[in-house]
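Listed here are the chains, written in short residue letters.
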Amino acid sequence: MVGQAGGDATGVAVVTGASSGIGAVYADRLAARGHDLLLVARRADRLRQLAQELSDRHGVQVQTATADLAEPESLARVEALVRESNAVLLVNNAGAGGLGPTAAISADRVENVVRLNITALSRLSHAVLEGFRSRGAGTLVNIGSIIALSPSPSAAAYSGSKAYVLNFTRSLQAEYADTAIRIQLVQPGPIRTEFFTAAGVSESVFPEDSYLTAEQLVDAALAGLDAGELVTTPTVAETGIWEALEAARLAFMEAARSGQVAERYRVGEESLA
Ligand SMILES: NC(=O)C1=CN([C@@H]2O[C@H](COP(=O)(O)OP(=O)(O)OC[C@H]3O[C@@H](n4cnc5c(N)ncnc54)[C@H](OP(=O)(O)O)[C@@H]3O)[C@@H](O)[C@H]2O)C=CC1
Ligand SMILES: CC(=O)[C@H](N)C(=O)O
């Protein structure tokens, strides 16, 4: 379903998962910057209400698309809408947790996490990058998570999916490094949203003082985008921590390309000698 509310300014921004939490705040902040919007989620009532509020408050045009991005036909419909919109910015925000011990949740819930967090994010990135390449500009923001760096019991598919978002987005950044196309990876820590209840777990999985609000997260992420950051983790004060992680990763890659079997694995060589 496609709906419309509300003028034109700096081009269309697409926000997935705009019916609540982080996505709804991105929608507000991008409208405040003058973007017309295409908002995507499953809950049509929430999208309609937000579209009306944002067009009234910011005088922008807001189109809504009610779609389950985990369903291939709905996803294809949204990909077509995104191409037609000539979007200048996409926030790939829709995501689900599918939390719980892996064998205790259904295989369908695990697959849903893969379809939404990986397949939809990849196909929608592809859909905007075609237009960005032909126009030589555009901005892609992918919402990952700090959990990408933390294999997590009871969040196996979720942490795996966010590790995909990390490597997919970092690889795209390398592909488009010499262009005017901007690609940002945002890595939230715990954020006070509906995410946890939607995943069927307690809202208090983390200590109370470890949460940011969605407003704090999005305002910081946009400050990072404006500063030209490639990876924004708003809660990490010391930027050297990320640089050390990158240095360790590069050292690992160099060691792993030695072309030699490490001494501790040369079990057969002794008997041949
Ligand atoms: N909250 C947190 O602690 C953290 C969140 N994140 C990430 O932030 C992003 C946003 O989550 P957050 O705002 O916290 O959580 P919310 O649950 O508030 O928002 C999730 C959004 O995704 C939409 N969505 C869920 N499933 C589908 C689907 N199948 N098709 C289309 N839209 C869907 C929901 O809308 P609807 O139900 O109407 O479809 C909703 O708008 C996610 O990618 C999440 O992984 C990352 C790190 C921490
Ligand atoms: C479940 C979580 O840990 C949180 N949503 C995150 O992505 O870090």
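Since the model is a prediction, treat every value here as computed from it, not as a measurement.

Participant: Sorry if this is basic, but what is going on with the packing of aromatic side chains here?
Facilitator: Each pair of aromatic rings is reported with the distance of its centres and the angle of its planes. One pass over the structure, following the stated rule, counts six aromatic pairs. Here Phe-196 and Phe-206 contribute two aromatic rings whose centre-to-centre distance is 6.1 Å and whose plane-to-plane angle is 75°, an arrangement assigned as edge-to-face. With Phe-196 in helix α6 (residues 195–198) and Phe-206 in the loop between α6 and β9 (212–213), this pair connects stretches of sequence that are 10 residues apart. Phe-196 sits in the buried class, given a relative accessible area of 7%.

Participant: Just checking my understanding: could you explain the site of ligand 1 for this structure?
Facilitator: Around ligand 1, the surrounding shell holds 30 residues, and the nearest of these are Arg-42, Asp-68, Asn-93, Tyr-158 and Thr-193. In this structure, Phe-195 approaches ligand 1 through a main-chain N or O atom, which is 3.4 Å from an oxygen atom. The protein chains hide 96% of the 870 Å² of surface that ligand 1 would expose on its own. Only α1 (21–32), α5 (156–175) and α6 provide two or more residues apiece to the shell around ligand 1. Grouping the constituent residues of the shell around ligand 1 by class yields 15 nonpolar, 10 polar and five charged.

Participant: Explain the UniProt feature "domain: Ketoreductase" (unreviewed entry) in the protein to me, please; I cannot follow it from the model alone.
Facilitator: The UniProt record marks residues 11–189 with the feature "domain: Ketoreductase" (unreviewed entry), using the residue numbering of this structure. For residues 11–189, helix accounts for 50% and strand for 18%, while the C-alpha atoms at its two ends are 30 Å apart.

Participant: Explanation requested: the nonpolar core in the structure shown.
Facilitator: Looking at soluble globular proteins, one finds that nonpolar side chains tend to be buried together. If you look at the biggest cluster of nonpolar residues, it comprises 34 residues, and the most contacted ones within it are Val-14, Leu-38, Val-40, Leu-69 and Val-82. Of all the elements in the fold, those that place two or more residues in this core are β2 (12–16), β3 (36–41), α3 (72–84), α4 (107–135), α5 and β7 (181–186). Per-element tally for this core: the top contributor is α4, with eight residues. Those residues in contact with Val-40 that lie beyond four places of it in its chain are Val-14, Val-15, Thr-16, Gly-17, Ala-18, Leu-47, Ala-65, Ala-67, Leu-69 and Val-78. By size, the runner-up hydrophobic cluster in this structure holds 32 residues, among which are Ala-24, Leu-37, Ala-51 and Leu-89.

Participant: When you look at the layout of surface pockets in this model, what are you seeing that I'm missing?
Facilitator: Sizing a probe to match a water molecule and rolling it over the atoms shows the empty space that remains. As a volume, the second largest pocket reaches approximately 470 Å³. Around the second largest pocket, the lining is made up of 21 residues, and of these Val-231, Thr-232, Thr-233, Val-236 and Trp-242 lie nearest the centre. Elements represented by at least two residues in the lining of the second largest pocket include exactly α7 (214–226), β10 (231–232) and α8 (239–256). Class assignment for the residues of the lining of the second largest pocket results in 12 nonpolar, six polar and three charged.

Participant: Whenever I open this one, the site of ligand 2 confuses me. Can you help?
Facilitator: Lining the immediate surroundings of ligand 2 are Ser-145, Ile-147, Tyr-158, Phe-195, Phe-196 and Phe-206. Measuring from an oxygen atom of ligand 2, one finds a side-chain N or O atom of Ser-145 at 2.6 Å. Take Tyr-158: an N or O atom from its side chain is 2.7 Å from an oxygen atom of ligand 2. Protein coverage of the free-state accessible area of ligand 2, which is 250 Å², stands at 89%. Tallied by class, the residues present in the shell around ligand 2 amount to five nonpolar, one polar and no charged.

Each value, and the rule that gives it
Residues numbered from 1 in each chain as written. Chains lettered and ligands numbered in written order. Predicted model: local features only at pLDDT ≥ 70, side-chain atom pairs only at ≥ 80, totals over all residues. Heavy atoms only, no water. Phe/Tyr/Trp six-rings, centres within 6.5 Å; stacked < 30°, edge-to-face > 60°. Helix = DSSP H or I, 4+ residues; strand = E, 2+ residues; numbered from the N terminus. Buried < 20%, exposed > 50% of the residue type's maximum accessible area, 1.4 Å probe, protein only. Near = heavy atom within 4 Å. Polar contact = N/O pair within 3.5 Å; in protein donor to acceptor, adjacent residues only side chain to side chain. Areas by Shrake-Rupley, 256 points an atom, 1.4 Å probe, with all protein chains shown as cover. Nonpolar A, V, L, I, M, F, W, Y, C, P; charged D, E, K, R; others polar. UniProt positions renumbered as here; feature names shortened; annotations may be inferred. Core = buried A, V, L, I, M, F, W, Y, C linked by side-chain atoms within 4.5 Å. Contact = heavy atoms within 4.5 Å. 1 Å grid on protein atoms, 1.4 Å probe; cavity = no way out; pocket = protein on both sides within 12 Å on 5 of 7 lines; lining within 4 Å. Points joined across faces, edges and corners; volume = space filled by probe spheres on them.

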